Structures are given as C-alpha cells and as structure tokens.
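Examining the three-dimensional arrangement
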Amino acid sequence: MGISFTILSSGSTGNATVVHNGETTLMIDAGLSAKRIEELLAMREMTGHNIDGILVTHEHSDHIKGLGAIARKYDLPIYANSGTWGALEKGIGNIPEHNRIVLETGQYRDFGSMRVESFAISHDAAEPVGYNFYDGKEKLCVATDLGYVSDKVRTAMEGSDVLVLEANHDIEMLRMGRYPWNTKRRILGDLGHLSNDAAGAVLSEILTGRTKRTYLAHLSRDHNMMELAKMSVRGGMEDRGCFYKDSEFKLCDTFYDQPTPWDKVSQS
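First, a word on what this report is: a plain description of the structure on this page. (Residues numbered from 1 in each chain as written. Predicted model: local features only at pLDDT ≥ 70, side-chain atom pairs only at ≥ 80, totals over all residues. Heavy atoms only, no water.)

Thoughts on the overall build of the protein chain
The number of helices and strands found in the protein chain is nine helices and 14 strands. Against the 2.2 N^0.38 benchmark of 18 Å for 268 residues, the protein chain shows a C-alpha radius of gyration of 17 Å, consistent with a compact globule. Expressed along its principal axes, the backbone C-alpha trace of the protein chain runs to roughly 50 × 45 × 35 Å. Across the 268 residues that make up the protein chain, the buried fraction comes to 56%. Across the protein chain, every contact between residues at least 6 apart in sequence was considered, and the portion connecting residues at least 24 apart equals 63%. Summed over all atoms, the accessible surface of the protein chain reaches about 11,600 Å², with 49% contributed by carbon and sulfur. Across the protein chain, the centroid of the 29 positively charged side chains sits 2 Å from that of the 37 negatively charged ones. (Helix = DSSP H or I, 4+ residues; strand = E, 2+ residues; numbered from the N terminus. Rg over C-alpha atoms; globule rule 2.2 N^0.38 Å. Buried < 20%, exposed > 50% of the residue type's maximum accessible area, 1.4 Å probe, protein only. Contact = heavy atoms within 4.5 Å. Areas by Shrake-Rupley, 256 points an atom, 1.4 Å probe, with all protein chains shown as cover. Lys, Arg positive; Asp, Glu negative; His and termini not counted. Charge placed at Lys NZ, Arg CZ, Asp CG, Glu CD.)

Let's talk about the packing of helix 8 (residues 196-206) against helix 9 (residues 226-239)
At a minimum axis distance of 7 Å, the contact between helix 8 and helix 9 shows a crossing angle of 45°. Taken together, the axis directions place helix 8 and helix 9 in an arrangement best described as oblique. As helix 8 runs across helix 9, the sense of the crossing is right-handed. Across the interface between the two elements, Asn196, Asp197, Ala199, Gly200, Leu203 and Ser204 of helix 8 pack against Leu228, Ala229, Ser232, Val233, Gly236 and Met237 of helix 9. Classifying every residue of the contact of helix 8 with helix 9 gives six nonpolar, five polar and one charged. (Axes fitted to C-alpha atoms, helices over the stretch in contact; angles between N-to-C directions. Parallel < 35°, antiparallel > 145°, perpendicular 65-115°, else oblique. Left-handed = near helix turned anticlockwise from the far one by under 90°. Nonpolar A, V, L, I, M, F, W, Y, C, P; charged D, E, K, R; others polar.)

What to know about helix 1 (residues 34-43)
Considered for burial, the residues of helix 1 that qualify are Ala34, Ile37, Leu40 and Leu41. The arc that holds every buried residue of helix 1, seen down its axis, measures 120°, which confines them to one face. Those residues of helix 1 that are buried lie in contact with strand 1 (4-9), strand 2 (16-20), strand 3 (25-28) and helix 3 (67-74). Looking one or two residues past helix 1, glutamate 45 carries a phi angle of roughly 55°, positive in sign. (Arc of directions from axis to C-beta.)

Side note on the pattern of salt bridges
In this structure the tally under the stated criterion is 16 salt bridges. Ionic pairing is found between glutamate 205 and arginine 154, a salt bridge with its closest N-O pair at 2.6 Å. Residue glutamate 205 is found in helix 8, and its partner arginine 154 is found in helix 5 (residues 151-157); the two are separated by 51 residues along the sequence. Relative accessible area serves as the criterion here: at 18%, arginine 154 is assigned to the buried category. Of the charged contacts in the structure, one is a salt bridge between aspartate 161 and arginine 210, with a shortest N-O distance of 3.1 Å. With aspartate 161 in the loop between helix 5 and strand 11 (162-166) and arginine 210 in the loop between helix 8 and strand 12 (213-217), this residue pair connects regions lying 49 residues apart in the sequence. A relative accessible area of 35% means that arginine 210 is categorised as partly exposed. Residues joined by salt bridges that share partners form a network here, namely Glu89, Glu97 and Arg100. (Salt bridge = Lys/Arg side-chain N within 4 Å of Asp/Glu carboxyl O.)

Some details on the side chain of glutamate 166
Within the secondary structure, glutamate 166 is located in strand 11. Put simply, glutamate 166 is tucked away with no salt bridge, and the nearest opposite charge, on arginine 186, sits 8.4 Å away. Within the local environment of glutamate 166, its side chain forms a polar contact with the side chain of histidine 193, the two groups lying 2.6 Å apart. For glutamate 166, the residues in contact, after removing those within four places along its chain, are Ala143, Thr144, Asp145, Leu146, His193, Leu194, Ala199, Ala217 and His218. (Polar contact = N/O pair within 3.5 Å; in protein donor to acceptor, adjacent residues only side chain to side chain.)

Examining the environment of glutamate 38
When you line up the elements, glutamate 38 lands in helix 1. Glutamate 38 sits ten residues away from glycine 48 along the chain, and the two C-alpha atoms are 6.7 Å apart. Aside from chain neighbours lying at most four places away, what touches glutamate 38 is Ile70, Lys73 and Tyr74.

Concerning the sheet that holds strand 8 (residues 114-120)
Pairing is mixed across the open sheet formed by seven strands, whose spatial order is 7-8-9-10-11-12-13. With partners counted over all chains shown, the strands left at the sheet margins are strand 7 (108-111) and strand 13 (250-252), one partner each. Here the average twist between neighbouring strands, direction ignored, is 20°. Two strands pair when backbone bridges link them, and strand 9 (residues 129-135) and strand 10 (residues 138-143) are joined in this way by five bridges, in the antiparallel orientation. (Pairing = 2+ DSSP bridges.)

Worth remembering: the numbers are spatial, not functional.
This is the structure we're talking about:
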C-alpha cells in the first residue's frame, strides 16, 4: 500500500505528524494539547484509536505538550532514545512501563513492512533526532529543529521521495524582530533552527530526480511567511545552480492550525 502522511500541525505553537502504511499508523511528536490533537485527527477522519504509537524527536514543549495525556488516554507506546526519555520524565507524567519503548539514535524498528530509522540532528535538546520511514522502495524523511545540517544528516536525507524540512525563519526578519538578542542568537546558532536560506542550500546539495516534494515545516509565525519561505528556498537553490520545474519538484505548505492533505509518498 505504501506510505501516506499528513502533517497535523507545524510551527512553534505545536508539532504533530501522522505516517501510515496500511498496516501501521504512527504519530511523530504530540506538541499540542490532547484535545487539539484529537480535533486535528478528526479533520483527517481519524481518532486516537487509529494511532499505534508515538515517535518523539525531542523534549521541547512544542513537541510533547500533549504526549502524556494522549498516550495514557489511548494506551499508546512512546518511542524515544535514552537521552530524550531522561529529559521527558518531568514533562509527561506517569507512563506505564510497557509503553516506554527505547529506540536509540541510529537504530531502526520494523512495524510490519514499514521500517523506521532515527538519526541524530543538531538542536539544543538532550538527544534530538529526525526520522526516516521506508516501505519497499519508498522513503519519507522528517527533519526539523535543525541548527545546521551536518554531513551525517545530509546523508540521512539523501534519496528521499518526500522530505519534510525545517525552514524556520527569514534571517533579516529575525534580526529586526522583537525577540531579545539572546533568543535570536540561540535561533541563529548551530543548536537552533534552520533558516530559509540554509534550507535552500541543503536542498541544492541533496536533490536528485528522485525527490518530488519538500514540505517546508516549523515556520516561525513572527519571523517568516510561507510564500516568503518558498520564494527564498527556491531562490537559494537556484543561486547554487539547482533548477527544477514545478512539474519536477514542488515546495509544499504546512500549517500551524490545520492538517495538510493526505499525501502518498509514491505519488509523482
């Protein structure tokens, strides 16, 4: 059946994505209230009962706000590495031992025909990760909250049919914005968030004819806009000699207040 996914919410106010392959349905992060997650699931004709488990990227509140509540309500296993589990203890309340699953960074786990593999990323969290999903020849990569893209992360992204990639901020909007300088410095640093230009640079290095779509994710509501992000990312790619027609490669929207349509990774 292949991999399908919907990004329920993306941004500093909360993040959650659902990945499905016909046998297994997994959620990546649960960074909104349990009630809001249920509302977003309902928009895609789902409930918490359809979810088989939750993968955690890191422990920041915009990724785990509703994690404990929704895992307890639907008796869901939570998958995270040891470092993240250590940082989660105070933030999600009591989780039964049978639902506390350790998936160490760099390891993979098979869910029926779908393989999930985590990879280390650079962010100011205990042990943050991105995730790759494989089913047959299909590959979906989800990588947000990146201070920068290392060679290892670049390798993890390569060969994706669809990529969910952070384009958090426009650098000049951030520099001129209302945040205190310490916060700006954190966002701009190697443990912060990926800018539009940096996202364009990464795509120019890893794209081949295989990658058909990239969803621009985790946009700042204060220091970015979707149309600006798409224009800047595309411009950054072209400045580095990476030219694609819309029929060959698309930059896709994400939203903080509504889910994206279901997308099949195999769709051309």
